[in-house]
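Chains, contacts and geometry: an overview
Here are the chains, one letter per residue:
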Amino acid sequence: MRQPACVQVLSNIPNVTERPRLMEIRLTNTYAREKQVFEPSDPDRVTMYVCGPTVYSYAHIGNARPPVVFDVLYRLLRAKFGADHVVYAVNFTDVDDKIIDASQETGEPISTITQRYEQIYREDMAALGNLEPTFRPRATEHIGDMIALMEDLAAKGHAYQGESGLWFHVPSMETYGRLSKRNRDDMIAGARVEVGADKKDPADFALWKAAKDGEPDAAKWDSPFGVGRPGWAIECSAMAKAKLGETIDIHGGGQDLIFPHHENEIAQSECAHGGKPFARYWLHNGFLSMDSEKMSKSLGNVKLVHQLLEKWPGEVLRMALLSAHYRGPLDWTDALLEQSRATLDRLYNALRRMSDVVVEDVEPPAGLVAALCDDLNTPQALAELSRLATEANKAKDADKPRLKGELLAGGALMGLLQQDPDQWARGDDSDAARIDALVAERIAARKAKDFAKADQIRNDLAAEGVEIMDGPQGSTWRKV
Ligand SMILES: [Zn+2]
């Protein structure tokens, strides 16, 4: 029997064998600009690709929105189709102009830079509670796949050689622009359309960029189109094909990638594969702003995931990222973070009050599942969790196993509430170690009958919101 996703996460809950009875999933397909029922080509192998980071610096919190949003979709798909029947790929772009620039500025080898930031990215994403995708392909490991794709495009008359590399000829594809619904003038005016004296058409884009003098060997490969490196979009087309196949069910990413990046991925893949659809459902998340302003280096308001994690638990950041519907904008503020922490405190407190309740059988609550199946309505799903917590706080003992089970299973579907509630109440580990040490010092003081010192420690901890509880097994503490 297939196992729902929550089984793996909720290892502490026994006897969960039934697949949740999930309703149909409806997703807003950017192609249609409306919600459509999601039907995979093959329910035994549901495929999803999301454009990953270029690994030359830290990810900012805006970069973290797609991985968290699409992780919730990944969990939902696993619950519906079975954990072994969903294949999810997120790439690493580890060859790029920005990486070369970083290497030339610092003198560090390219691989040192990309390995370092890949590792940091993996740690940041794990701290945000994301499951590890099935595949994390690196661009540099798929250069051969990219060359094969380009040879196909050249043979079919969609690509031509220029002095600065190999170009995709946009007028060779009649349906180019279908995703972004841009007309030709808009496309040519598009800010990221590349300049090139050897282009036949202003809308043409680079598949392969000829190496320039002085560029490091680590960013150069031999190819039938000369020594050079791939353009960004061909990387995604080739990695999606290598890991998932010629047609994928869902392709996700930020709205800012619709044009030209995703439009170019479609052009390359569909022209190389004789018009076969590249992605059947395109999902795009909205922008993240910072205190109502655009996040930008020039405004100095860029918040890195890494920095935020020093101050906030990853689960608070995740809750904040899921507090708005993924398609809409999200305004990142301290108030949002405080609010998210307060909500999690409330949910974990409800679980803590039920710590002795044994959960025997569990399905995610219907209201929460319905919300997620309706185009990933995470604000509604979070409201369902809060409603369950309120109900649990007032519930009779007989109802508690169900309510606890629903809170945990619903939380698992969103990547939330999987920590020990006592651990959550105690706060982060470094703080916990300090408080543990003070509590031990107080016990020693009491043994030595130094009650003034013992009381002083208790009062100091109380002043910072830590309550010591003396019991027959010794002293424990919690944050209040
Ligand atoms: Zn991409």
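Calculation criteria
Residues numbered from 1 in each chain as written. Predicted model: local features only at pLDDT ≥ 70, side-chain atom pairs only at ≥ 80, totals over all residues. Domains from an automatic or database assignment. Core = buried A, V, L, I, M, F, W, Y, C linked by C-beta atoms within 7 Å. Buried ≥ 20, exposed ≤ 12 C-beta atoms within 10 Å, placed from the backbone. Helix = DSSP H or I, 4+ residues; strand = E, 2+ residues; numbered from the N terminus. Pairing = 2+ DSSP bridges. Right-handed = clockwise from strand over helix to strand, strands pointing away.

Looking now at the domain arrangement of the chain. Under the domain assignment, the chain is made up of domain 1 (1–426) and domain 2 (428–479). A separation of 44 Å is found between the C-alpha centroids of domain 1 and domain 2.

Attention now goes to the nonpolar core. Ranked by internal contacts, the top residues of the largest apolar core, which has 118 residues, are Met 150, Leu 207, Leu 347, Leu 372 and Leu 407. With 12 residues, helix α2 (residues 61–81) is the largest single contributor of residues to this core.

For the peptide bond that leads from Phe 259 to Pro 260, omega is 0°, which places it in the cis range. Unusually for a residue other than glycine, Arg 33 sits at a positive phi of about 55°. As for its position among the elements, Arg 33 is in the loop between β1 (26–29) and β2 (34–37). Residue class for Arg 33 comes out exposed when judged on the 8 C-beta atoms lying within 10 Å of it. Here Lys 181, not a glycine, exhibits a phi torsion of approximately 55°, which is positive. Tracing the backbone shows Lys 181 in the loop between β6 (165–168) and α6 (184–189).

This brings us to the sheet that holds strand β13 (residues 330–332). One open sheet accounts for 3 strands, arranged β12-β11-β13; its pairing is mixed. For this open sheet the edge positions go to β12 (293–294) and β13, each flanked by a neighbour on one side alone. Both strand β11 (residues 288–290) and β12 contribute to a ladder of 2 bridges, which runs antiparallel. Residue pairing across strands places Met 290 opposite Glu 293, the latter belonging to β12.

It is worth spelling out the pairing of strand β3 (residues 46–50) at this point. With 5 of 5 residues buried, β3 lies mostly within the body of the structure. Here β3 shows no split at all, with Val 46, Met 48 and Val 50 on one side and Thr 47 and Tyr 49 on the other all buried. Of the strand pairs in this sheet, β3 and strand β4 (residues 86–90) are connected by 5 bridges, and their pairing is parallel. Residue pairing for β4: Val 46 is matched across the bridge by Val 86. A crossover links β3 with its parallel partner β4, the connecting element being α2, and its sense is right-handed.

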